Amino acid sequence: MSQELIRLTNLVMEFDGERILDSINLYINDKEFLTLLGPSGCGKTTTLRVIGGFLTPTSGDVLFDGKRINDVPAYQRKINTVFQRYALFPHLDVYDNIAFGLRIAKLSEAEIDERVTEMLEIVSLKGFENRKVTSLSGGQQQRVAIARALVNRPKVLLLDEPLGALDLRLRKDMQNELKRIQQAMGITFIYVTHDQEEALTMSDTIVVMDKGKIQQIGKPEDIYNEPKNAFVADFIGESNILDGVMLEDYKVKFFGRVFSCVDKGFAPNEPVDVVIRPEDIDIVSADEGHLCGTVTSVTFKGVHYDTIVDFKGFKWLIQTTDFCPEGSHIGIRLNPEDIHIMHKSEYSGMFGDYSSYSAEYDEIADAEVTEDEE
Amino acid sequence: MRKVNRVFTALVFIFLYIPMIVLAVASFNKGTDIAVFSGFTFDQYKELFRDKHLLSLLGNSVIIAVLSSLVATVMGTAAALGIHSMRGRLRSAVMTMTNIPMTNPEIVTGVSMALLFAFVGILLRTNAVLGFWTLLIAHITFNLPYVILNVMPKLSQMDPDLTEAALDLGCTPVQAFFKVVLHEIMPGILSGALMAFTMSLDDFVISYFVTGSGFVTLPVEIYSYTKKPIQPKVYAMFTLIFITILLLMVVMNLMQARDKTKRKKAHGLQKEVGR
């Protein structure tokens, strides 16, 4: 693929003896859309701030184009940032906000004018030149923030949850917009978010982080289809995660039954985590199923029903368009490609059980992520 | 109950402002007896502007007030930036220490400063240390906390990302201060400077102890009038000073009100985008 632009080697960040980043190793290619994805406090914003030059790592190196830039201050890096709350300058109007970086660089007014005008067009804010930034809506402020950063033609744009404050509709529009701008301008984007859907939609590469460590790096499809551990499986989409034993290549045993699968390369009889995505499960009548269980709750979600099924005391989430009433006895079938096997990890047993599932599940999750991350 | 409240409020205002009204009326009185209003006249204002001595004292007061408030504003703003960058406990400890001089009785401050200056005078082997410079130093010192007190809240209200955004766009830290931070905290700096100016202009107690006979300010001079009959032209001057301060306060309040609505607007917007 393209050329490597940024590399983080053994990056460690500590605040007051607390380890925020734990040996981060990561390279980012030129013109890549890379997303740092993880829950609040996972270290994703800290990683971004280290790249931006606002934090100096405790140990480890930041390389830019092969050169070590640990001690290069933020204002000398060819990197610009779109801040979470935009951080527009309230005393300047839209035009002057966007022109700010160019004026610092002492460009001629003619060139500044040309570039600001071009940028206003790219972010669809023509005619807003002389508006006060405080009079703009959230989405418009967002665009000004993006224009203000991009007008400097940085090699890399850092975006810290830039869509977090927008409503759902606007967020979707801006996701497409950002992807379009990134491709049109051919700039590397490093994007921080806790929203897995956003990450899957926009990224070339996703870096899943938790507890200051990188859990998995990969393309969106790979991250979704082949999560490395229970944390990734649970954080990216919904997952049923069960204890199993890998008998031999392509054979896994769980719930007292042997299933064929597509995974290999595990030690014989190795205990493993088995991931089954809720949308991959086929519901059949009780006598035809590989496993039989009882429906304990059904929630209508629009596209599908979230159906919770009790299999011998372990509750699964199944997403299906077939309505199965509460209390009904159903069977399920699993195809080999529906089963994904993972090595045991520190996260085993922490995720993937829907026993405590409730209809408010999503709202609770939303409330959690609106907390500010530091 | 409401009626009682209103009457009470009215009474408070009457007691607060009646002395000033009496003074203003007296300044336009033709006769010299303040008990009898014997006709309206501008004579005392005319006489005031003919009195070079009194005007030069007023000039002294203004010079000290302008210089001390300017220096205190620059130093206080720098100090506020430093305090703001401190962490939690240290910051509140330092803030308490800057606040104490404001509540300290002026007479204590005045005497202790006089002692300090006398001590320095002995070290320098000179007798005439008290004068313009000691007065200026004293005024700067007691003005500093007022500036810090006015600038600090502006710094805390400011979005900390603004400084980073400026650095991100290529500003050196010094440029970031002058191009972004300064604009954000300007209302605080102005109200701090204005407060310092008025505090300095009317200070008597501290000035009395730290200045010599070579450089006298208006309040110090007027104190000596209490021993002899006050000339009516002094009423005229007080009336003018009162009006000036009144205007300054009105400007300051208007500025604060404007700043508040601006903040409210910005805050409302943030709330809106913060879902």
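Residues numbered from 1 in each chain as written. Chains lettered and ligands numbered in written order. Predicted model: local features only at pLDDT ≥ 70, side-chain atom pairs only at ≥ 80, totals over all residues.

**Overview of the overall build of chain A**
The criterion, for reference: Only DSSP runs of H or I with at least four residues qualify as helices, and only runs of E with at least two residues qualify as strands; both kinds are numbered from the N terminus onward. Labels follow a simple rule on C-beta atoms placed from the backbone: if 20 or more others lie within 10 Å of a residue's own, it is buried; if 12 or fewer, it is exposed; otherwise it is partly exposed. Here the contact rule is simple: place C-beta atoms from the backbone, and any two residues whose C-beta atoms are within 7 Å are in contact.
Each helix and strand counted, chain A has 9 helices and 20 strands in total. Expressed as lengths along the three principal axes of its C-alpha atoms, the size of chain A is roughly 80 × 40 × 40 Å. Counting only residues that meet the buried cut, chain A has 40% of its 374 residues in that class. Considering only residue pairs separated by 6 or more positions, chain A has 67% of its internal contacts joining residues 24 or more positions apart.

**A short note on the overall build of chain B**
Scanning chain B from N- to C-terminus turns up 11 helices and 0 strands. Helices (α) and strands (β) of chain B occur, in sequence order from the N terminus, as α-α-α-α-α-α-α-α-α-α-α. Overall size of chain B, expressed as C-alpha extent along the three principal axes, is 70 × 65 × 35 Å. Taking all 275 residues of chain B together, the buried fraction comes to 28%. Relative to all contacts within chain B whose residues are 6 or more apart in sequence, the contacts with residues 24 or more apart total 77%.

**Regarding the sheet that holds strand S9 (residues 205–210) of chain A**
Residues and elements named next belong to chain A. Note the following rule: Should DSSP find at least two bridges between two strands, the strands are regarded as paired. Only the contacting stretch of a helix is used when fitting its axis, a line to C-alpha atoms as for every element, and angles between N-to-C directions run 0 to 180 degrees.
Taken together, 6 strands build an open sheet; the order of strands is S6-S7-S8-S3-S9-S10 and the sheet is mixed. Looking at the sheet topology across the chains shown, the edges are occupied by strand S6 (79–82) and strand S10 (213–218). Looking at each pair of strands side by side, their axes are set apart by 20° on average, direction ignored. For S6 and strand S7 (residues 156–160), the ladder comprises 4 bridges, and the chain directions are parallel. Each residue of the ladder has a partner; that of Ile79, found in S7, is Val156.

**Focus on the nonpolar core**
Here is a general trend for soluble globular proteins: nonpolar side chains tend to be buried in one another's company. What counts, and what does not: Think of a nonpolar core as buried Ala, Val, Leu, Ile, Met, Phe, Trp, Tyr and Cys residues, each tied to the set through C-beta atoms within 7 Å. Reported domain spans reflect what an automatic or database domain assignment gives.
In this structure, A:Val144, A:Ala147, A:Leu157, A:Ile190, A:Val208, A:Val252 and A:Val274 are the most contacted members of the largest nonpolar core, which totals 133 residues. Two domains each put at least three residues into this core: domain 1 (4–224) and domain 2 (239–369) of chain A. When neighbours within four sequence positions are excluded, A:Leu157 is seen to be in contact with A:Asn80, A:Val82, A:Ala149, A:Leu150, A:Ile187 and A:Phe189. In this structure, B:Leu57, B:Val216, B:Leu218 and B:Val234 belong to the second largest nonpolar core, which totals 11 residues.

**Section: the pairing of strand S17 (residues 305–311) of chain A**
Within a regular strand, side chains alternate between the sheet's two faces. Residue and element names in this part refer to chain A. Pairing geometry for strand S16 (residues 291–300) and S17, over 6 bridges, is antiparallel. The residue of S17 that forms the bridge with Thr299 is Asp306. By the bridge criterion, 7 bridges tie S17 to strand S18 (residues 314–320) in an arrangement that is antiparallel. By the bridge assignment for S18, Tyr305 is matched with Thr320. Counting the residues between successive antiparallel strands, the hairpin from S17 to S18 contains 2 residues, one of them, Lys312, with a positive phi of roughly 50°.

**Observations regarding the environment of A:Lys179**
Residues and elements named next belong to chain A. Inspection of the secondary structure puts Lys179 in helix H5 (residues 168–185). By C-beta crowding, Lys179 is classed as partly exposed, having 16 other C-beta atoms within 10 Å. Distance from Lys179 to Asp22, taken between C-alpha atoms, is 30 Å for residues 157 residues apart in sequence.

**Digging into the interface of chain A and chain B**
Many authors give the size of an interface as the accessible area that is lost as the parts come together. Tallying the contact residues gives 22 residues for chain A and 21 residues for chain B. Looking at the side of chain A that touches chain B, the elements with two or more residues in it are S6 and helix H2 (94–104) of chain A.

**Focus on the environment of B:Thr211**
All names here are of chain B. Examined against the element boundaries, Thr211 turns out to sit in the loop between helix H9 (205–210) and helix H10 (218–225). Given 24 C-beta atoms within 10 Å, Thr211 falls into the buried group. It is 46 Å that separates the C-alpha atoms of Thr211 and Ala166, two residues lying 45 residues apart in sequence. Those residues within four positions of Thr211 in sequence are excluded, and the remaining contacts are Leu130, Gly131, Thr134, Leu135, Val216 and Val220.

**Quick look at the sheet that holds strand S15 (residues 282–284) of chain A**
All names here are of chain A. Reading across the sheet, the 5 strands line up as S15-S19-S16-S17-S18 and stay open at both edges, with antiparallel pairing between neighbours. With one partner strand each, in any of the chains shown, S15 and S18 form the two edges of the open sheet. Taken over all neighbouring pairs, the strand axes of this sheet differ in orientation by 45° on average, direction set aside.

**Some words on the domain arrangement of chain A**
For chain A, the domain assignment lists domain 1 (4–224) and domain 2 (239–369). In this structure, domain 1 of chain A and domain 2 of chain A have C-alpha centres spaced 37 Å apart.

**A few points about helix H6 (residues 132–157) of chain B**
Note the following rule: A helix is expected to span 1.5 Å for every residue after the first. For a residue, the bend is simply the angle between two axes, fitted respectively to the seven-residue segment ending there and the seven-residue segment starting there.
Spanning 26 residues, H6(B) covers 38 Å between terminal C-alpha atoms, matching the ideal 38 Å at 1.5 Å per step. At B:Asn143, H6(B) shows its maximal bend, which comes to roughly 30°, and the proline B:Pro145 appears one to four places after that position.

**Quick look at the packing of H2(A) against helix H4 (residues 138–150) of chain A**
Working note: a packed helix pair is described by the angle between its axes plus the distance between those axes. Residue and element names in this part refer to chain A. To keep it simple, the criterion reads: In what follows, roughly perpendicular refers to angles from 65 to 115 degrees, roughly parallel to angles under 35, roughly antiparallel to angles over 145, and oblique to any angle outside these ranges. Crossing handedness follows the turn of the near helix against the far one: under a right angle anticlockwise gives a left-handed crossing, and clockwise gives a right-handed one. Any residue that is not Ala, Val, Leu, Ile, Met, Phe, Trp, Tyr, Cys, Pro, Asp, Glu, Lys or Arg is counted as polar, Gly included; the first ten are nonpolar and the last four charged.
At their nearest, the axes of H2 and H4 sit 7 Å apart, and the two run at 30° to each other. Relative to H4, H2 is oriented roughly parallel. Judged by the sense of rotation from one axis to the other, the crossing of H2 with H4 is right-handed. For the pair H2 and H4, the contacting residues are Val94, Asn97, Ile98, Phe100 and Gly101 in the first and Val144, Ala147 and Arg148 in the second. Residues belonging to the contact of H2 with H4 are distributed by class as follows: 5 nonpolar, 2 polar and 1 charged.

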